[in-house]
Amino acid sequence: MVQVLESTKLARVGLIGNPNTGKSTIFNRLTGLRQRIANYPGITVEERIGTTHIGKKSLQVVDLPGAYSLSASTLDERAVLDALTARGGREPLDLLVCVLDATNLERNLFLALQIADFGLPMILVLNQWDVLRRRNQEYDLEKLKEILGIPVLPVSARSGEGMKGLETEISKVLEKPCYLAPTAWSREINTGLEDLIGLAPGLSRGEALRLIFDGGSLVADRWSERKGEIQQRVGRIHSEIAAGGMNPGPAEALIQYKRIGSLLEGVIDSDTSAFSRSSETIDRILLHRVWGLGIFVAVMWVVFQSVYSWASPMMDGLEWLTGALQEGIRPVLSGLPVLESLVVDGIIAGVGGVIVFVPQIFVLFLFIALLEDTGYMARAAFLMDKALGWCGLNGKSFVPLLSSYACAIPGIMAARTLEDKRSRVTTILMAPFMSCSARLPVYVLFIGAFVEPAYGAMVAGWTLFLLHFVGLAVAAFLAWISQRLFSSKTITPFVLEMPQYKVPQLRNIFIRVWGSGREFIVRAGTVIFAFSILIWALLYFPHSESVSEAVEDDMVRELVVTEGLNQVEAMALLKESGTPAAIEFENRLQASYREDSYLGRFGHFVQPVFAPAGFDWKLTVGVLSSFPARELVISTLGIIYQLGPDVDAESQSLRNRIVNEKWPSGSRVGQSVYTMPVVLAVLVFFALCLQCGATVAIIAKELNGWIALGSFVGMTVLAWVAAVAVYQIGTLISGTL
Amino acid sequence: MMRIILTTTHLQMNFFGSTGAEEHKTLDRASAGVKYRIDSIDHANSSAARLSSLGFLTGRIIRLARVAPMGDPVAVDLIGQRIGLRKMEARAITVVEWSGHGSSS
């Protein structure tokens, strides 16, 4: 039975190699769009799986994350190690295609030799053969093949040259496996290897070597119950290596690079040790202390502007489409009010709210793919590293954080480019503090209604400008504090390859942008979908008849008094569609339903919590209902203030309404609700709070649910504390004036 | 710290460019555009393993390509690649100026 299953199972081919070798281009060539992102529990690195057909056979191709070595100190390296040893829920691989950058063979061979100890069949691919040819360099491939004993194929993945040969070779080696001979280790290492394998059941030879050579290897965690013994034995092996006359620290690198040196003797004639001359010329400009920084600012300005402005027509279009769909569906379901509201206000509004981010994600990932494909991303990180290092970030955090000013979601996804786990987590947690474009309507509404009339356009402009830095300042400060408190090291390691410049390849960029967009829609969309239905239900139910009767009675009574109508005439006026009275009736009815809804009742209930920040119950409901998406506060306030849901931040009637809002009862009865301290408290609250269901969902996906929850709770508490502080201090100051 | 020079190739490299009175300095104090020979690497540094797997080994010839506009990090060329390092990492690498022609692998 097992054998039957084995024979029908697809052969699995792993693509492995250093970053920047063009491994993904080869993967895209092999699989086209027949690919998906693999998802393993606890691993968030990007690992893609695709299928390809060679002859009549179908194969599964796995694009393993790029890694320089197997030391398993980064998530990427750990994922590669797991793939090689079929751990962490992975199927075993049947063949490894090791992709090497032909222009940087010496360093690239290091990983290939490390892999040899895992005993899997292997093919070597020398990619960027065209670049080598253009430089008039030649390698003696026949000789290399002969020494290594495995196929060595020259390929130019960009042009597709050599891909047919690779496919043929893959099916050949799957039929008749061939192996790269492992390095001959010294006597001390060999005996140590055997000891370790005896000590930890199931430990493979390759993993045992990782235990010996990598102090911080995550391999040791798999044998946690033997950790002490293993550590002791590794310590003994180290002293034996030292006694044998070798420093155990760089022992592996020394031995492997010595082997590489002898392998390449006679294979490479010319001197390949200098860095590419054309890239050196470009670096002279792009890393220049004046021009380099100037160009960097210009590039980032273009990226940011594009995410902001290129995406906005598409976003407007999607918003229009959502609105049109709502209007189109409303009459169809008008006989079934609950279903109508669920579909129109819950599902379409909720899904529309997610889809609207897709253009920004596409545009940002287009630029990220472009910047990475050309090699500029590494230069940007190099230029910015010093400016970001003090709070535990590194240069690669810059792009994710900048793009979070447009929207935190693509920003958080962009943090995948950071290899260092701590910098990545810090970047992701900082991203929602950046003042995203959804905060802007809230700022515009309150600044326009209060700050501008009171202090003029100048102060209003400055307020808006400073609000964009509140989150950044708070986040940087928190990152700095946590780095001082929780980290033993003050600076995270930063070793960054600055690859040669390349012309970007449209095909790669397209596949990448498409993949990230699709992934976002599927993953975040499901969570948002559920959230928006929940919030809709909380704002809709119980929807009791008594509310509508009470509102109707009130209005009839008012009309009788003000217009001199009788009861029947007044009632008829309310039912007649399109009259001002009927519109007023509908708006008041919606407002009363919201007030009576579970969320409205909850707003009344928790208002005391927000009272120290000066919020009344209406503002509290606005804040509560905007947790799925912060811009919802505008339409919720519109509903509560009986203006209908179609108000926007520029709406004069909403501004007038909130300016004139008075406390209806209590100690401040008759006084304005929105005093300047309240307005500033609201602004600071929105600047700091994580009111975005999509962001919480994406943090949960990229890191884990607990971190997402912690980030949400933490930012909410922080926003509350800041709002209370602003209100209280503001009230004190305005009291003394 | 124990420093042992291992292979014959590395021994040979140590003869190149030996001018007798060599000035040892850590890479973070080196000058841009100048070639150096790696004299030793401090394996207590947390990035030492990463550096050695990229080919930073005793005896190798490297070139400090440039320093970032804000003074940190630095870009180093070796065996056909360009690697950016923070000065904290560069401090783990002790170098000697190298006046040989071309470079060695």
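Just so you know, these numbers come straight off a predicted model, no measurement behind them. (Residues numbered from 1 in each chain as written. Chains lettered and ligands numbered in written order. Predicted model: local features only at pLDDT ≥ 70, side-chain atom pairs only at ≥ 80, totals over all residues. Heavy atoms only, no water.)

1. Things to note about the overall build of chain B
Along the backbone of chain B there are three helices and six strands. Reading the secondary structure of chain B in the N-to-C direction produces α-β-β-α-β-β-β-α-β. Every one of the 105 residues in chain B was classed for burial, and the buried ones make up 56%. Considering only contacts within chain B whose residues lie at least 6 apart along the sequence, 61% involve residues at least 24 apart. Accessible surface, chain B as shown: approximately 4200 Å² in total, 51% of it carbon and sulfur. (Helix = DSSP H or I, 4+ residues; strand = E, 2+ residues; numbered from the N terminus. Buried < 20%, exposed > 50% of the residue type's maximum accessible area, 1.4 Å probe, protein only. Contact = heavy atoms within 4.5 Å. Areas by Shrake-Rupley, 256 points an atom, 1.4 Å probe, with all protein chains shown as cover.)

2. Let's talk about a nonpolar patch on the surface
Residues and elements named next belong to chain A. On the surface, Tyr455, Met458, Val459, Trp462, Phe465, Leu466 and Phe469 cluster together to form a nonpolar patch covering roughly 770 Å² of accessible area. Inspection of the secondary structure puts Leu466 in helix H20 (residues 440-486). By relative accessible area, Leu466 is classed as partly exposed at 48%. (Patch = residues over 30% accessible without salt bridge, like charges linked within 9 Å, V, L, I, M, F, W, Y side chains within 5 Å. Salt bridge = Lys/Arg side-chain N within 4 Å of Asp/Glu carboxyl O.)

3. Quick word on the packing of helix H4 (residues 105-116) of chain A against helix H11 (residues 251-264) of chain A
Two numbers describe a pair of packed helices, the interaxial angle and the distance between the axes. Residue and element names in this part refer to chain A. Contact pair H4 / H11: the axes reach a minimum separation of 9 Å and the direction vectors enclose 115°. The two elements H4 and H11 cross, and the hand of that crossing is right-handed. Between H4 and H11, the residues in contact are Leu105, Glu106, Arg107, Leu109, Phe110, Leu113 and Gln114 and Glu252, Ala253, Gln256, Tyr257, Arg259, Ile260, Leu263 and Leu264, respectively. Tallied by class, residues from the contact of H4 with H11 come to nine nonpolar, two polar and four charged. (Axes fitted to C-alpha atoms, helices over the stretch in contact; angles between N-to-C directions. Left-handed = near helix turned anticlockwise from the far one by under 90°. Nonpolar A, V, L, I, M, F, W, Y, C, P; charged D, E, K, R; others polar.)

4. Looking at the interface of chain B and chain A
With 42 residues of chain B in contact, the opposing surface of chain A contributes 51 residues. With a shortest N-O distance of 3.2 Å, Arg60 of chain B and Glu106 of chain A are connected by a salt bridge. Looking at the side of chain B that touches chain A, the elements with two or more residues in it are helix H2 (48-53), strand S3 (61-67), strand S4 (74-78), strand S5 (81-85) and helix H3 (87-90) of chain B. Element by element, the count of residues in the side of chain B that touches chain A is highest for S5 of chain B, at five residues. Classifying every residue of the side of chain B that touches chain A gives 19 nonpolar, 14 polar and nine charged. Here strand S8 (residues 495-497) of chain A pairs with S5 of chain B via three bridges, running antiparallel. From the neighbouring strand, Val495 of chain A faces S5 of chain B, where its bridge partner is Leu85 of chain B. (Pairing = 2+ DSSP bridges.)

5. Things to note about the pairing of strand S2 (residues 35-41) of chain B
Residue and element names in this part refer to chain B. Among the seven residues in S2, six count as buried, and that is most of the element. Pairing of S2 with S3, which is carried by three bridges, proceeds in the antiparallel orientation. Opposite Lys35, over in S3, you have Arg63 as the bridge partner. As defined by bridge partners, S2 adjoins strand S6 (residues 93-97) across five bridges and the pair is classed as antiparallel. In the sheet register, Tyr36 faces S6, and the bridge partner there is Glu97.

6. Considering the pattern of salt bridges
Residue and element names in this part refer to chain A. Applying the stated criterion across every chain yields a total of 41 salt bridges over all chains. Between Arg134 and Asp130 there is a salt bridge, and its shortest N-O distance comes to 3.8 Å. A residue pair is termed a helical-turn pair when its members lie 3 or 4 positions apart in one helix, as Arg134 and Asp130 do in helix H5 (residues 129-134) at four residues. Of the residues examined, Arg134 reaches a relative accessible area of 63% and is grouped as exposed. According to the relative accessible area criterion, Asp130 is buried, its value standing at 17%.

7. Side note on the sheet that holds S6 of chain B
Ordered in space as S8(A)-S5(B)-S4(B)-S3(B)-S2(B)-S6(B)-S1(B), the seven strands form an open sheet in which the pairing is antiparallel. A strand with exactly one partner marks an edge of an open sheet, and here the two such strands are S8 of chain A together with strand S1 (24-26) of chain B. For this sheet, the mean angle separating the axes of adjacent strands, direction not counted, is 40°. Each of S3 and S5 of chain B is contacted by helix H12 (residues 277-286) of chain A, which is oriented at about 30° to S3 of chain B, the strand it contacts most. In the packing of helix H16 (residues 376-389) of chain A onto the sheet, contacts are made with S8 of chain A together with S3, S4 and S5 of chain B, and the angle to S8 of chain A comes to roughly 145°.

8. Describing helix H10 (residues 227-243) of chain A
Residue and element names in this part refer to chain A. Across its 17 residues, H10 extends 24 Å between first and last C-alpha, which sits within 8% of the 24 Å expected from 1.5 Å per residue. When we look at burial in H10, the residues that qualify are Ile230, Arg233, Val234, Ile237 and Ile241. Along the axis of H10, the buried residues cluster in a sector spanning 105°; they form a single face. Exposed residues on H10 whose side chains face more than 90 degrees from its buried face are Gln231, Gln232 and Ala243. Positive phi shows up at Gly245, right after H10, with a value of about 95°. (Expected span 1.5 Å × (residues − 1). Arc of directions from axis to C-beta.)

9. Concerning the packing of aromatic side chains
Pairs of aromatic rings are described using the distance from one ring centre to the other and the angle between the two planes. Scanning the model with the defined rule gives 17 aromatic pairs over all chains in all. Between Phe685 of chain A and Phe686 of chain A the ring centres are 6.1 Å apart and the planes differ by 75°, which places this aromatic pair in the edge-to-face class. A connected cluster of aromatic rings, assembled from ring pairs, spans Phe610, Phe615, Phe685 and Phe686 of chain A. Over the ring of Tyr501 of chain A we find Arg379 of chain A; its NZ or CZ atom is 4.1 Å from the centre of that ring. Its guanidinium or amino end placed over the ring of Tyr257 of chain A, Arg60 of chain B lies 5.0 Å from that ring's centre, counting from NZ or CZ. (Phe/Tyr/Trp six-rings, centres within 6.5 Å; stacked < 30°, edge-to-face > 60°. Lys NZ or Arg CZ within 6 Å of the ring centre and 35° of its normal.)

10. A look at the confidence of the model for chain A
When pLDDT is low, close inspection of the predicted coordinates is not appropriate. In the predicted model, chain A carries a mean pLDDT of 85, and 94% of its residues have values of at least 70. The low-confidence segment residues 1-7 of chain A (pLDDT under 50) makes zero contacts with residues lying over four places distant or belonging to another chain. (pLDDT = per-residue confidence, 0-100.)

11. Here we look at unusual backbone geometry
Residue and element names in this part refer to chain A. A cis geometry characterises the amide bond from Phe541 onward to Pro542, with omega recorded as 5°. Within the secondary structure layout, Pro542 lies in the loop between helix H21 (506-540) and helix H22 (545-563). In the Ramachandran plot, Asn20 falls in the positive-phi region, its phi being about 65° despite a non-glycine side chain. Turning to its location among the elements, Asn20 is positioned in the loop between strand S1 (11-17) and helix H2 (23-31). A relative accessible area of 30% places Asn20 in the partly exposed class. The backbone of His543 shows a phi angle near 55°, a positive value even though the residue is not glycine. With respect to the helices and strands, the residue His543 is situated in the loop between H21 and H22. When its relative accessible area of 25% is taken as the criterion, His543 is described as partly exposed.

12. Thoughts on the domain arrangement of chain A
All names here are of chain A. Structurally, chain A comprises domain 1 (11-175) and domain 2 (189-245). At the junction of the two partners, domain 1 supplies 12 residues and domain 2 supplies 15 residues. Summing both sides of the interface, domain 1 and domain 2 together bury roughly 1100 Å²; the carbon and sulfur share of this comes to 50%. Connecting domain 1 to domain 2 are three salt bridges. For Asp82, the salt bridge goes to Arg222, with nearest N and O atoms at 2.9 Å. Among the elements that line the side of domain 1 that touches domain 2, the one with the most residues is helix H3 (residues 75-84), at three residues. Per-class residue counts for the side of domain 1 that touches domain 2 are four nonpolar, four polar and four charged. (Domains from an automatic or database assignment. Buried area = accessible area lost by both parts, 1.4 Å probe.)

13. Considerations on the environment of Val724 of chain A
Residue and element names in this part refer to chain A. Looking at the secondary structure, you find Val724 in helix H31 (residues 705-736). C-alpha of Val724 to C-alpha of Val678: the two residues are 46 residues apart in sequence and 9.2 Å apart in space. The contacts of Val724, once residues within four sequence positions are left out, are Pro612 and Ala613.

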